[in-house]
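Read off the chains here:
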Amino acid sequence: MRVLVIGSGGREHALARALARDGDVTALHVAPGNPGIAKIAEIHPVTPADPASVTALAARTGADLVVIGPEAPLVAGVADAVRAAGISCFGPSRAAAMIEGSKSFAKQVMSAAGIPTAAARTCATAAEVGRALDEFGSPYVVKADGLAAGKGVVVTGERRQAEAHAQGCGTVVIEQFLDGPEVSVFALADGEAVVPLLPAQDFKRAYDGDAGPNTGGMGAYAPLPWAPPGLAEQVLGTVIRPAVAELRRRGTPYAGLLYAGLALTAGGIRVVEFNARFGDPETQVVLDRLATPLGGLLRAAADGGLAGAGPLRWAPGVLAAEGYPGTPVTGDDIEGIEDSQRTAGAYVLHAGTAVSAAGNLVSGGGRVLDVVGTGADLAQARAAAYRAIAKIRMRGGWYRRDIAERAAAAASAGP
């Protein structure tokens, strides 16, 4: 099987790494890729959200399967164009991807399917925003209706900050605050059948102690030693299967990765959001644990064959601390990656890197590198990740130092 992956971040590096280890993948192409991905796959220039550009590249590379990583190409209809060209594609249609492309649409799907979620109001004017903020009270939850690269949500106790965010977004969804730990559950879907992946937890706030603004994700870990038994199966029954069934009823069958961001409240599971693709940074830890070859799973989802995929196999124990050794300022030299890669139980994935005119590896985005640690338990995995990231040097580089700290301490303490 010849595979083409679309994207250039840490999620796509994790996908490429897993696909490169699948013996049935005979050729691996990634576009546009990054310097880290270039070490394990052939990279190509492409405009990811341009259906014609992606379809033409898929034809040139002779791809048997196209895997779309980011959300913007999905909402732009790239998967539709690839399938129309007769090429298998892992990723939902433009219509189905609106479950991430519009928070309002996602709420409509959940309401129709009876999926538990927070009460919400869609607001387009300042007056509507004011009424919704009054109705739900503090802490205020304001979400941009459209795509916002994981940064369109503000949760705040400050009324002025909530109003300012709403004003800057245009149409917003304002909803009731959900208390309780958040969990990410991924599921592969082929339009009818669904297969759950390993639950994970990510850390959205920028700084230690969950301080600072929301980000695209500062780190993640899996498995979750504190999660209720059978969580994935429960989410399948109450969230994933009803969503897939409702989309099929609407004539927009969902084939790809459906991501459910959940809050485990005192009243039970509640959906915080849906994403139409693998999450970042949770993908890095979930795929590290997956022992079942990835290529065949993605092809089965693309071609309607998940019912015959059989139970997934998982390797034991993992944590990933996603480092931000850098700021949105780009072009700073990165040193120490080779030394970091030699750390036992750890490896580095490129998320936002580039090569300078002088041939040096430099920062190319806000989230620059993902450092993944593995171990027999969370404490060992966490220690490996932080030993490895400490060896990387970059001007202005920083990262959260408390990823999975509480979970690892609780697991080590025992009952």
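Residues numbered from 1 in each chain as written. Predicted model: local features only at pLDDT ≥ 70, side-chain atom pairs only at ≥ 80, totals over all residues. Heavy atoms only, no water.

A. Expanded view of the overall build of the chain. Looking only at helices and strands, the chain has 14 helices and 22 strands in total. Over its C-alpha atoms the chain spans a radius of gyration of 20 Å, differing by no more than 12% from the 22 Å that the globule rule assigns to 415 residues. Dimensions along the principal axes, computed over C-alpha positions, put the chain at roughly 55 × 50 × 45 Å. When contacts within the chain are restricted to residue pairs at least 6 apart in sequence, those whose partners lie at least 24 apart make up 67%. Total accessible area on the chain is roughly 16200 Å²; 52% of this is exposed by carbon and sulfur atoms. (Helix = DSSP H or I, 4+ residues; strand = E, 2+ residues; numbered from the N terminus. Rg over C-alpha atoms; globule rule 2.2 N^0.38 Å. Contact = heavy atoms within 4.5 Å. Areas by Shrake-Rupley, 256 points an atom, 1.4 Å probe, with all protein chains shown as cover.)

B. Representation of the nonpolar core in the model. Ranked by size, the top nonpolar core spans 70 residues in total, and within it Val 66, Ile 99, Val 239, Ile 240 and Phe 274 carry the most contacts. Broken down by element, this core gets its largest block of residues, eight residues, from helix α9 (residues 231-249). Residue contacts for Ile 240: discarding those within four places in its chain leaves Ala 187, Val 194, Val 235, Leu 258 and Ala 260. With 43 residues, the next largest nonpolar core counts Leu 65, Leu 198, Leu 287 and Leu 312 among its residues. (Core = buried A, V, L, I, M, F, W, Y, C linked by side-chain atoms within 4.5 Å. Buried < 20%, exposed > 50% of the residue type's maximum accessible area, 1.4 Å probe, protein only.)

C. Local environment of the packing of aromatic side chains. The final tally for this structure, using the stated rule, is six aromatic pairs. Taking the centre distance of 5.9 Å and the plane angle of 80 degrees together, the rings of Phe 186 and Phe 278 count as edge-to-face. Here the residue Phe 186 occupies a position in strand β10 (residues 182-190), and Phe 278 occupies one in the loop between β17 (268-275) and α10 (282-289), the gap between them amounting to 92 residues. Judged by relative accessible area, Phe 186 falls into the buried class, the value being 2%. Classification of Phe 278 by relative accessible area gives buried; the value is 3%. Geometrically, the ring pair formed by Phe 203 and Tyr 221 is tilted, given 6.2 Å between the ring centres and 45 degrees between the ring planes. Separated by 18 residues along the polypeptide, Phe 203 in the loop between β12 (201-202) and β13 (205-207) and Tyr 221 in strand β15 (residues 220-221) bring together distant segments of the chain. According to the relative accessible area criterion, Phe 203 is buried, its value standing at 13%. (Phe/Tyr/Trp six-rings, centres within 6.5 Å; stacked < 30°, edge-to-face > 60°.)

D. Representation of the sheet that holds β17. Read from one edge of the open sheet, four strands run β11-β10-β16-β17, paired in antiparallel fashion. Every interior strand has two partners, whereas the edge strands, β11 (194-196) and β17, have only one. Within this sheet the neighbouring strands show an average axis-to-axis angle of 35 degrees, counted without direction. The sheet contact formed by β10 and strand β16 (residues 255-265) spans nine bridges and is antiparallel. Across the sheet, the residue bridging to Leu 188 is Leu 257, located in β16. Strand contacts of α9: β10, β11, β16 and β17, with the helix running at about 120 degrees to β16, the strand carrying the most contacts. (Pairing = 2+ DSSP bridges. Axes fitted to C-alpha atoms, helices over the stretch in contact; angles between N-to-C directions.)

E. Region of the structure containing unusual backbone geometry. Look at the link from Ala 222 to Pro 223: it is a cis peptide, with omega at -5 degrees. Relative to the helices and strands, Pro 223 is located in the loop between β15 and α9. Phi at Asp 210 takes a positive value of approximately 55 degrees, unusual for a residue other than glycine. With respect to the helices, strands and loops of the structure, Asp 210 is situated in the loop between β13 and β14 (211-214). Exposure remark for Asp 210: the relative accessible area of 46% places this residue in the partly exposed category. A positive phi angle, near 60 degrees, is found at Ala 404, a position not held by glycine. Its location among the elements puts Ala 404 in the loop between α13 (378-389) and α14 (405-413).

F. Region of interest: the side chain of Thr 283. Within the secondary structure, Thr 283 is located in helix α10. In this structure Thr 283 touches Arg 11, Ala 14, Phe 186, Phe 278 and Asp 288, once residues within four positions along its chain are discounted.

G. Focus on helix α5 (residues 94-101). Among all positions in α5, only Ala 96, Ala 97, Ile 99, Glu 100 and Gly 101 are buried. In the core, the buried residues of α5 are packed alongside α3 (71-75), α6 (103-113), α9, β16 and β17.

H. Spotlight on the sheet that holds strand β6 (residues 120-123). Read across the sheet, four strands follow the order β6-β9-β7-β8 without closing on themselves; strand pairing throughout is antiparallel. Here the strands that pair on one side only, and so sit at the sheet edges, are β6 and β8 (153-156). Taking the axes of each pair of neighbouring strands and ignoring which way they run, one obtains an average angle of 20 degrees across the sheet. Summarising the sheet, strand β7 (residues 140-144) and strand β9 (residues 172-175) pair through four bridges and their orientation is antiparallel.

I. Seen up close, the pattern of salt bridges. Summed over the entire model, instances satisfying the criterion amount to 20 salt bridges. With a closest N to O distance of 2.9 Å, Asp 134 and Arg 159 form a salt bridge. Of this pair, Asp 134 sits in helix α7 (residues 126-136) while Arg 159 sits in helix α8 (residues 159-169), and the two are 25 residues apart along the sequence. The exposure class of Asp 134 is exposed, given its relative accessible area of 55%. A salt bridge links Glu 246 to Arg 250; the shortest N-O distance between them is 2.7 Å. Judged by its relative accessible area of 6%, Glu 246 falls in the buried class. Given a relative accessible area of 34%, Arg 250 falls into the partly exposed group. The network of salt bridges with common partners includes Arg 17, Asp 288 and Arg 289. (Salt bridge = Lys/Arg side-chain N within 4 Å of Asp/Glu carboxyl O.)

J. Structural view of the packing of helix α1 (residues 10-20) against helix α11 (residues 294-303). Across the interface, α1 lies against α11 with an axial gap of 7 Å and an inter-helix angle of 110 degrees. The pairing of α1 with α11 is recorded here as roughly perpendicular in orientation. Taking contact as the criterion, the partners of Leu 15, Ala 18 and Leu 19 in α1 are, on α11, Leu 294, Gly 295 and Leu 298. Split by residue class, the contact of α1 with α11 holds five nonpolar, one polar and no charged. (Parallel < 35°, antiparallel > 145°, perpendicular 65-115°, else oblique. Nonpolar A, V, L, I, M, F, W, Y, C, P; charged D, E, K, R; others polar.)

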